[in-house]
Amino acid sequence: MPGSCACDAPVRSSYCRPASYVSPGHRRAGGARRPEPDPPAPRPDAPTTSRGGHVPSSRKHRSETDVVVIGASPAGLAAAYHLTGAGLSVTVLEAAARPGGRLATVRRDGFLLDRSSWLPVPGTPELRRLPGPLPVRRLTGGVVLHGTDRAHRIGAAVGHPGPRHQRTLTGTFDQAWLRANLGRLGTLSESRLHSRPELTAHAALASRPIPSRISEGSLRPLLTALLGDPDLTASRRLSDLTLRAFARSGLGITAGGADALPRLLLAALPPGTVRTGARAASVATTAVTTEDGDTVGCRAVLLATGAREAARLVPGIRVPDHHPVTVLHHATPAPLEAGPELLVDAARRGPVTHTLAVSAADPSRAPEGRTLVTSVVLGAEAGEPADVLDKAARTQLGTLYGTSAHDWELLAAHHDAEAIPALPPPFAPQRRVRLLDGMYVCGDHRATPGITGELSSARRAAEAVLWDSGLRPAETLKSAAA
């Protein structure tokens with residue numbers, strides 16, 4: 001039966017689990033299933049709600065809810081928002097000390113340091129479905145591709161000046177070609193893009209009859225920065241859709257830090273919905289047990305963790321390959337003459353793929369008189385120690401920003417070995433979110449890589465839960481967003 005298998009293999013009888021799934025950690029020796037928890041008794045010592053709509057998990061207890069969401073990631077919080085808006089009770093269990101997942105922002109000495117490298121595309125449909133407007137500051141300077149002897153600016157706001165480099169005849173031609181072709185790409189429909197042969201982004205780029213100085217010197221560095229995939233192993237359809245979104249709307253950053261998105265979702269949830277410091281040890285379709293021994297009875301479970309953690313709880317869930325990312329945060333001792341623009345090193349002078357003077361776009365990111373520079377390292381080099389990357393990047397950053405970077409202060413380095421799920425051909429942007437009745441999964445490993453994929457998969461998973469609960473998702477989700 002469709003939707004009755006907990007794994008990602010083709011649905012055959014040898015792969016199917018019973019309709020009421022119990023994870024391996026939820027069974028006693030000999031395979032006997034634990035009895036279902038009794039209905040909870042009223043507790044006078046129930047934990048009080050802290051600010052922000054979540055409570056710390058500090059004592060064993062038993063409770064009941066309609067849906068347990070495992071993981072207060074952007075996907076988990078978005079799914080909880082859709083479900084609570086439709087009238088279901090939801091408990092979100094988060095293993096970390098704070099909600100937000102990869103969109104965490106560290107506050108240090110007046111600087112706002114994101115742990116991720118997310119650059120949202122302003123005005124995308126999933127961002128418009130949030131409980132309120134997300135404060136996105138557009139990078140009005142667009143993207144500046146710094147080659148060996150020339151620089152090209154693309155995706156800038158109308159009227160923004162060009163890069164401060166002497167323009168040659170060849171450079172003028174390349175700039176015009178890039179703008180014209182990106183503009184044309186922005187007008188193409190999704191069906192037109194999907195009609196193209198299914199290739200990797202690298203193979204598609206190599207097949208185009210254009211000079212290598214454009215394909216390798218401009219388009220490849222741009223795609224690498226947008227996809228987070230230095231080898232361009234992603235499906236051509238993903239690269240086409242990503243380029244089209246950039247051509248239409250450019251890039252931005254969230255004002256006040258990347259955690260503005262989870263904060264927005266958290267504020268829309270009923271108080272006490274999220275319990276932090278609660279790592280799930282085992283799951284069943286009717287209950288979740290945490291490592292502290294707490295049990296939450298429920299009618300459905302939604303996994304909103306990374307793919308590897310989801311597969312720990314429900315073996316058989318597909319774990320894709322991932323692209324590693326390291327984010328370096330530097331502070332300049334004096335204001336830096338830099339605009340709200342993403343600098344991409346098309347000449348590959350060092351480990352940094354792209355860099356941004358974040359506080360030029362969002363002044364709240366740095367104290368007055370200083371500039372916060374955030375740089376991203378991709379591929380195998382992302383696995384190097386922070387001090388090695390810092391030393392190798394300083395000369396490169398000085399060249400890109402036109403000043404010495406040797407007196408910059410390294411504030412933080414955040415490494416994520418599984419930052420971006422790989423999505424090679426064939427293009428599969430909507431993997432199923434219903435594992436079986438009562439067990440669901442969401443995250444960008446079930447959609448397209450990135451925060452937009454997290455949000456879209458969360459919405460699809462919430463719709464599946466609502467359908468199985470006898471509700472109409474189209475009406476309930478619309479009313480929740482009103």
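This structure is a prediction, so every number in the text was calculated from the model and none was measured.

Enquirer: Which parts of the structure should I look at to understand the confidence of the model for the chain?
Expert: When pLDDT drops low, the exact placement of atoms in the prediction is not to be read closely. Residues at a pLDDT of 70 or more form 83% of the chain, whose mean pLDDT is 86. Contacts from residues 9-20, a stretch scored under 50 in pLDDT, to residues over four places away or in other chains number 22 contacts. Every residue in residues 27-52 is under pLDDT 50, and counting partners more than four places away or in other chains gives 31 contacts.

Enquirer: Can you help me understand the layout of surface pockets in this one?
Expert: Unfilled space is identified by rolling a water-sized probe across the atoms. Looking at the second largest pocket, its volume works out to about 310 Å³. Taken together, 18 residues make up the lining of the second largest pocket; nearest its centre are Leu185, Arg196, Arg208, Asp240 and Leu243. Looking at the lining of the second largest pocket, the elements with two or more residues in it are helix H3 (169-185), helix H5 (201-206), helix H6 (212-227) and helix H7 (236-249). In terms of residue count, H3 provides more of the lining of the second largest pocket than any other element does, six residues in total. The residue inventory of the lining of the second largest pocket, partitioned by class, reads 11 nonpolar, two polar and five charged.

Enquirer: Explain the environment of alanine 412 here, please?
Expert: Inspection of the secondary structure assignment puts alanine 412 in strand E20 (residues 409-421). Sequence spacing of alanine 412 and histidine 330 is 82 residues, and the spatial spacing of their C-alpha atoms is 7.4 Å. Setting aside anything within four residues of it in sequence, one finds alanine 412 in contact with Arg108, Leu113, Val327, Leu328 and His329.

Enquirer: Looking at this structure, how should I read the side chain of threonine 305?
Expert: Along the polypeptide, threonine 305 turns up in the loop between strand E15 (300-303) and helix H9 (307-313). One polar contact links the side chain of threonine 305 to the main-chain amide nitrogen of alanine 310, over a distance of 3.1 Å.

Enquirer: Hey, could you run me through empty space enclosed by the protein in this one?
Expert: In total, this model carries five cavities of 30 Å³ or more according to the counting rule given. Along its surface, the largest cavity is lined by 18 residues, and Trp118, Leu119, Leu356, Val358 and Thr374 are the ones closest to its centre. Secondary structure elements with two or more residues in the lining of the largest cavity: strand E6 (111-114), strand E10 (252-254), strand E18 (352-357) and strand E19 (372-378). Per element, the largest residue contribution to the lining of the largest cavity is three residues, and it comes from E18. Across the lining of the largest cavity, the residue classes tally to nine nonpolar, seven polar and two charged.

Enquirer: Explain the pattern of salt bridges here, please?
Expert: According to the stated counting rule, one finds 30 salt bridges in the structure shown. Here arginine 236 makes a salt bridge to aspartate 240, at a shortest N to O gap of 3.5 Å. Placement of both arginine 236 and aspartate 240 in helix H7 is noted, with a separation of four residues, approximately one turn of the helix. The class for arginine 236 is buried, based on a relative accessible area of 12%. When the shortest N-O distance is used, the salt bridge between aspartate 259 and arginine 263 registers 3.2 Å. Overall, aspartate 259 belongs to the buried group, its relative accessible area being 11%. The class for arginine 263 is partly exposed, based on a relative accessible area of 41%.

Enquirer: Help me understand unusual backbone geometry, please; the structure alone is not making it clear to me.
Expert: Residues apart from glycine generally show negative phi values, whereas peptide bonds are mostly found in trans. Geometrically, the link from proline 425 to proline 426 is a cis peptide bond, its omega value of 0 degrees lying close to zero. Positive phi values are uncommon outside glycine, yet aspartate 109 reaches one of about 50 degrees. Residue position: aspartate 109 is located in the loop between strand E5 (105-108) and E6. Positioned with a positive phi, leucine 232 is a non-glycine residue whose angle comes to about 50 degrees. Structurally, leucine 232 is set in the loop between H6 and H7. A relative accessible area of 0% places leucine 232 in the buried class.

Enquirer: Sorry, what's going on with the packing of helix H1 (residues 74-85) against helix H12 (residues 451-468) here?
Expert: Each pair of packed helices gets described by two things: the angle between the helix axes and the distance between those axes. Remark: H1 packs on H12, axes separated minimally by 8 Å, with the N-to-C direction vectors making an angle of 35 degrees. In this structure, the crossing between H1 and H12 has a hand that is right-handed. Across from Pro74, Ala75, Ala78, Ala79, His82 and Leu83 in H1, the residues of H12 making contact are Ile451, Glu454, Leu455, Ala458, Arg459, Ala462, Val465 and Leu466. When its residues are assigned to classes, the contact of H1 with H12 shows 11 nonpolar, one polar and two charged.

Enquirer: When you look at the nonpolar core in this model, what are you seeing that I'm missing?
Expert: Nonpolar side chains tend to gather and get buried jointly when the protein is soluble and globular. Val143 and Ile154 are the most contacted members of the largest nonpolar core, which totals 42 residues. Ranked by residue count, the leading element in this core is H6, at six residues. In this view, isoleucine 154 contacts Gly142, Val143, Leu145, Gln175, Leu178, Leu182, Leu222 and Phe246; residues no more than four positions away in its chain are not counted.

Enquirer: Where do I start with the pairing of E15 in this structure?
Expert: The side chains of a regular strand alternate between the sheet's two faces. By the alternation rule, side chains of E15 split into Ala300 and Leu302 and Val301 and Leu303, which are all buried. The sheet contact formed by strand E3 (residues 67-70) and E15 spans four bridges and is parallel. The residue of E15 that forms the bridge with valine 69 is leucine 302. Relative to strand E22 (residues 439-441), E15 is paired through three bridges, and the arrangement is parallel. Residue pairing in the sheet places leucine 303 in a bridge with valine 441 of E22.

Enquirer: Explain the sheet that holds strand E16 (residues 322-331) here, please?
Expert: In a beta sheet, neighbouring strands are held together by backbone hydrogen bonds and run either parallel or antiparallel to one another. Pairing in this open sheet of seven strands is mixed, and the strands run E9-E8-E17-E18-E19-E16-E20 from one edge to the other. The open sheet has two edge strands with one neighbour each: strand E9 (151-154) and E20. In this sheet, adjacent strand axes meet at a mean angle of 20 degrees when their direction is disregarded. With five bridges connecting them, E18 and E19 associate as antiparallel partners.

Enquirer: Help me understand H7 in this model?
Expert: Every α-helix carries 3.6 residues per turn, so stepping three or four residues along brings you back to the same face. If you check H7, its first and last C-alpha atoms are 20 Å apart, about what 14 residues at 1.5 Å a residue would give, namely 20 Å. Listing the buried residues of H7 in full gives Arg236, Leu238, Ser239, Asp240, Leu241, Thr242, Leu243, Arg244 and Phe246. The N-cap residue of H7 is serine 235: its side-chain oxygen and the backbone nitrogen of arginine 237 are 3.1 Å apart. Looking one or two places after H7, you find glycine 250, whose phi comes out positive at around 75 degrees.

Parameters at a glance
Residues numbered from 1 in each chain as written. Predicted model: local features only at pLDDT ≥ 70, side-chain atom pairs only at ≥ 80, totals over all residues. Heavy atoms only, no water. pLDDT = per-residue confidence, 0-100. Contact = heavy atoms within 4.5 Å. 1 Å grid on protein atoms, 1.4 Å probe; cavity = no way out; pocket = protein on both sides within 12 Å on 5 of 7 lines; lining within 4 Å. Points joined across faces, edges and corners; volume = space filled by probe spheres on them. Helix = DSSP H or I, 4+ residues; strand = E, 2+ residues; numbered from the N terminus. Nonpolar A, V, L, I, M, F, W, Y, C, P; charged D, E, K, R; others polar. Polar contact = N/O pair within 3.5 Å; in protein donor to acceptor, adjacent residues only side chain to side chain. Salt bridge = Lys/Arg side-chain N within 4 Å of Asp/Glu carboxyl O. Buried < 20%, exposed > 50% of the residue type's maximum accessible area, 1.4 Å probe, protein only. Axes fitted to C-alpha atoms, helices over the stretch in contact; angles between N-to-C directions. Left-handed = near helix turned anticlockwise from the far one by under 90°. Core = buried A, V, L, I, M, F, W, Y, C linked by side-chain atoms within 4.5 Å. Pairing = 2+ DSSP bridges. Expected span 1.5 Å × (residues − 1).

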